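Notes for the structure review
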Amino acid sequence: MFGLVNRAVERFVIDNYGEEAWSRIAQMGKLGVDSFEPMLKYDDAITDRLITASSLFLGKSEEILFEDLGNYLVSHPNCEVPRRLLRFGGETFADFLLSLDDLPERARLAVPDLEIPMIEVDETEASSYGYVVRVRGVIEGLEFFLSGVLRAMADDYGTLALLEIEEADTLGRHLRVAIHDTDFGEGRKFELAKRG
Amino acid sequence: MGIVETCAVDIEAAELGRLMPMYVHLSNDGIILAAGPTLSKIAGRQLVGKGFLDVLEVRRPRSITTFQVLRNHLDNTLHLSLRGDPPTLFRAVAARTGGQGGGILLNLSFGIHVYDAVSQHRLNLSDFAATDLAIEMLYLKEAKSAAMDESRRLNERLETARRVAQETAVTDLLTGLPNRRGFELKISERMGRNEPFAVMVLDLDFFKAVNDTLGHEAGDVVLQTAAKRFLNCMRRGDVVARMGGDEFLGLCDGTADPDHLKAVGERLIESLEAPIEYHGRECKVSASIGIVVAEDDGNTTLAELLKMADEALYVSKRNGRGQVSIAGIPTTDQSDGLEVENTKVVSFRSARNTS
């Protein structure tokens, strides 16, 4: 798969734990490189080793690691690109959630051979405040990653939303999202045109 | 003419504004009756009651300068600009509406100017209809440029890596001098210049003894020191290279004087004979040197030059080491027919004799 994923983990480790932590993880995981190139493809086995090594070195389960990574990609000041691209999804957090269906198509517009996990969003019941999000990709545990992304996006919109991962149906885990207050916080401003 | 089907739409201005946030509704004589919220936001002032052509200029078709003419061109795509600094550019389609007197409804879009308009007027998602592909276009622009930036950075990193690899391929890592390949590249640059130059082959004497008694690390220090001393004895623009093992090469530029070259060689030997310290122990080496002068006639290959220099070096070794020999010039002391053959025009002596 594209180095983009590995690179995201690399930046996450460096920005939060420092260069030293990264080089230890690169050693432990026998990654064979000091740094990943986002636009080059790497063997999937390298990604597996990278995740195992990061989880071990940072002392957090892979679930927590994924969740933190998702949060980092949206909320860290060094990651302006993913946050902005996601905000194009809608004017409100609810609109954004419903735009997740389109995410793979959107990503492919920019990079045609990018493999993006399939995301499915359903509104639950009659209320428009409950959603179920399913994600399927080559990496196990993507629900946790998505949960981190969505929590950070809810903050970004200034929306209070509760997220839960459920082992609910035959399709495996899914994410339940309940919007409680759309005016909960300030949120961050989003202008269509990038400044500077 | 066929039957004209009418579609009776009775719609509130606010509702129409949701469908088309940049619409303008005009009376039959060109007065703005209503305008969409985004267009009003961009204009930054009240539009209702103003003359259409006072607010917007028709850029194309050029012939439209009065409202009377505009009414006859409603089938054209209109290119409009909102008067202001800088003007905002639009594309528009127009249609006649019913009602008393009949009016004109125009729907405006930014067309390709969408990015400029969005940044100039700080527009947001809510300023566009959900059906407007302008948002997708802005998204695409941003996603593509992020991908392009990454590709550009990748290219820069690959280019740097390529240069380093190229540099390493022609460099001897121990001494930092050019290696054999590096030397060949430099000398081939010199060879077409029609100026004399000399090639010097240098072999360290007693180097094996240092290696055997004090170890490879000592040997490495000796080689590094020898490289520095060799460089110090040469002029700027000359080239010193390591061929591997204890063999070095020198390229002396613009020199054809055998006395001068011999002096350079002897100075070099003297410099190399000064003891080299390694962890409190003294390493002593010397050097044998063979020199060939190339009067650049364009016929001599590098291999031939090196062969002659090697033969001169062989003479120095045979004569008891620590000596300088120049190809084509018989060594002064008991040479016993060991002098190098005076071949072609390459050796210094023949070069001089023919000039």
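The model shown is predicted, which means the values in this text are computed figures rather than measured ones. (Residues numbered from 1 in each chain as written. Chains lettered and ligands numbered in written order. Predicted model: local features only at pLDDT ≥ 70, side-chain atom pairs only at ≥ 80, totals over all residues. Heavy atoms only, no water.)

1. What about the overall build of chain B?
Short version of the rule: Under the scheme used here, helices are H or I runs from DSSP no shorter than 4 residues and strands are E runs no shorter than 2 residues, and both carry numbers assigned from the N terminus. For a compact globule the rule gives 2.2 Å times the number of residues to the power 0.38, and the radius of gyration it is set against comes from C-alpha atoms. Throughout this description, buried means an accessible area under 20% of the type-specific maximum (1.4 Å probe, protein chains only), exposed means over 50%, and partly exposed covers the range between. By the convention used here, residues are in contact when the closest approach between their heavy atoms is within 4.5 Å.
A tally of regular secondary structure across chain B gives twelve helices and 13 strands. For 355 residues, the compact-globule formula gives about 20 Å, and the C-alpha radius of gyration of chain B, at 43 Å, lies well above that figure. C-alpha extents for chain B along the principal axes are approximately 125 × 55 × 35 Å. Of all 355 residues assigned to chain B, the portion counted as buried reaches 44%. For chain B, the share of sequence-separated contacts (at least 6 apart) that also reach a separation of at least 24 residues comes to 55%.

2. Topic: the overall build of chain A
Spelled out, the test is: Computed by Shrake-Rupley with a 1.4 Å probe, the accessible areas treat only the displayed protein chains as cover when residues are assessed. For the purpose of charge, His is not counted, nor are the chain termini; Lys and Arg are scored as positive and Asp and Glu as negative. All charge positions are set by atom: Lys at NZ, Arg at CZ, Asp at CG, Glu at CD.
Secondary structure summary: chain A contains eight helices and four strands in total. Listing every helix and strand of chain A by position from the N terminus yields α-α-α-α-α-α-α-β-β-α-β-β. Whereas a compact globule of 196 residues would reach a radius of gyration of roughly 16 Å, chain A reaches 17 Å, a difference of no more than 12%. Dimensions along the principal axes, computed over C-alpha positions, put chain A at roughly 50 × 50 × 35 Å. Relative to its 196 residues, chain A shows a buried fraction of 49%. Total accessible area computed for chain A in this model is approximately 9,800 Å², and 53% of it derives from carbon and sulfur atoms. Once the 21 positive and 37 negative side-chain charges of chain A are each reduced to a mean point, those two points are 5 Å apart.

3. Concerning a nonpolar patch on the surface
Selection criterion: Excluding any residue in a salt bridge, patches collect residues exceeding 30% relative accessible area, merging like charges within 9 Å and nonpolar Val, Leu, Ile, Met, Phe, Trp and Tyr side chains within 5 Å. Between Lys or Arg on one side and Asp or Glu on the other, a salt bridge is scored when a side-chain nitrogen of the former is within 4 Å of a carboxyl oxygen of the latter.
A contiguous nonpolar surface patch, about 280 Å² in accessible area, is contributed by Val9(B), Ile11(B) and Leu19(B). Here Val9(B) lies in the segment before α1 (13–19).

4. Details of a negative patch on the surface
Residue and element names in this part refer to chain A. Together, Asp 43, Asp 44, Asp 48, Glu 62, Glu 63 and Glu 115 line one region of the surface with negative charge. Put simply, the parts of the chain that give the negative patch at least two residues each are α3 (44–58) and α4 (62–75). Mapped onto the elements, Asp 48 comes out in helix α3. On the accessibility criterion, Asp 48 (48% relative accessible area) is partly exposed.

5. Focus on the interface of chain A and chain B
Under the convention used in this document: The buried area of a pairing is the accessible area, by a 1.4 Å probe, that goes missing from both parts when the two are put together, added over both. Contacts described as polar in this section are N or O atom pairs within 3.5 Å, which, within protein, must combine one atom able to donate a hydrogen with one able to accept it, while residues neighboring in sequence count only if both atoms come from side chains. Each residue is assigned to one of three groups, with Ala, Val, Leu, Ile, Met, Phe, Trp, Tyr, Cys and Pro labelled nonpolar, Asp, Glu, Lys and Arg labelled charged, and all others, Gly among them, labelled polar.
Of the residues lining the interface, 22 residues belong to chain A; the matching set on chain B comes to 23 residues. Both sides together, the interface formed by chain A and chain B hides about 2,200 Å², and carbon and sulfur atoms give 62% of it. Among the residues of chain A in contact with chain B, Phe88(A), Arg106(A) and Leu192(A) are the three that bury the most area, contributing 26% of the side total. For the salt bridge of Glu136(B) with Arg106(A), the shortest nitrogen-to-oxygen distance reads 2.7 Å. Along the contact surface separating chain A from chain B lie six residue pairs in polar contact (both at pLDDT 80 or more). Mapped by element, the contributors of at least two residues to the side of chain A that touches chain B are α5 (80–87) and α7 (103–110) of chain A. By residue class, the composition of the side of chain A that touches chain B is 13 nonpolar, one polar and eight charged.

6. Side note on the domain arrangement of chain A
Residue and element names in this part refer to chain A. For clarity, the cut-off: Segment limits for the domains were obtained from an automatic or database-derived domain assignment.
Under the domain assignment, chain A is made up of domain 1 (3–59) and domain 2 (73–181). Between domain 1 and domain 2, the C-alpha centre-to-centre distance is 24 Å. Contacts between the two partners involve nine residues from domain 1, matched on the other side by seven residues from domain 2. When domain 1 packs against domain 2, the two sides together hide about 530 Å² of surface, and 65% of this comes from carbon and sulfur. The interface formed by domain 1 and domain 2 includes one salt bridge. Residues Lys 41 and Asp 113 are paired through a salt bridge, measuring 3.9 Å at the closest nitrogen-oxygen approach. The interface formed by domain 1 and domain 2 holds one residue pair in polar contact (both at pLDDT 80 or more) in total. Listing elements by their share of the side of domain 1 that touches domain 2, those giving two or more residues are α1 (3–17) and α3.

7. Here we look at helix α11 (residues 302–318) of chain B
Residue and element names in this part refer to chain B. For clarity, the threshold we go by: Working rule for helices: expected span equals 1.5 Å times residues minus one.
Helix length check: α11 (17 residues) gives 24 Å between terminal C-alpha atoms against 24 Å at 1.5 Å per residue, within 8%. Buried within α11 we find Leu 302, Leu 305, Leu 306, Met 308, Ala 309, Ala 312, Leu 313, Val 315 and Ser 316. Summarising the contacts, the buried residues of α11 are in contact with α7 (180–191), β7 (197–205), β9 (247–253), β12 (286–294) and β13 (324–326).

8. Quick notes on the pattern of salt bridges
As a working rule, side chains carrying opposite charge can pair if their charged atoms are close by. All names here are of chain A. Summed over all chains, the structure comprises 34 salt bridges over all chains. When the shortest N-O distance is used, the salt bridge between Arg 173 and Glu 167 registers 3.6 Å. Given a relative accessible area of 19%, Arg 173 falls into the buried group.

9. Focus: the sheet that holds strand β2 (residues 32–35) of chain B
Residues and elements named next belong to chain B. Under the convention used in this document: When DSSP finds at least two bridges between two strands, those strands are taken to pair. Working convention: axes come from line fits to C-alpha atoms, limited for helices to the stretch in contact. Angles between N-to-C directions cover 0 to 180 degrees.
Taking strand neighbours across the sheet as the criterion, the six strands line up as β2-β1-β6-β5-β4-β3 in an open arrangement whose pairing is antiparallel. Across the chains shown, the open sheet's two edge strands, defined by having one partner strand only, are β2 and β3 (56–60). Here the strands of the sheet are splayed against their neighbours by 35° on average, with no regard to which way each runs. Judged from the five bridges that link them, strand β4 (residues 78–82) and strand β5 (residues 88–97) form a sheet pairing that is antiparallel. Opposite Leu 80, over in β5, you have Phe 90 as the bridge partner.

10. A word on the sheet that holds β9(B)
Residue and element names in this part refer to chain B. On the basis of which strands lie adjacent, the open sheet formed by five strands has the order β8-β9-β7-β12-β13 and mixed pairing. Each edge of the open sheet carries a strand with a single partner, namely β8 (239–244) and β13. On average, each strand axis in the sheet is tilted by 20° relative to the strand beside it, whichever way the strands run.

11. Digging into the packing of α3(A) against α4(A)
All names here are of chain A. What counts is decided by this rule: Angular relationships are summarised with four words: roughly parallel below 35 degrees, roughly antiparallel beyond 145, roughly perpendicular across 65 to 115, and oblique for the angles in between.
Closest axis-to-axis distance for the α3/α4 pair is 9 Å, and the angle between their directions is 95°. One element, α3, and the other, α4, form an angle in the roughly perpendicular class. Taking contact as the criterion, the partners of Ile 51, Thr 52, Ser 54, Ser 55 and Leu 58 in α3 are, on α4, Glu 62, Leu 65 and Phe 66.

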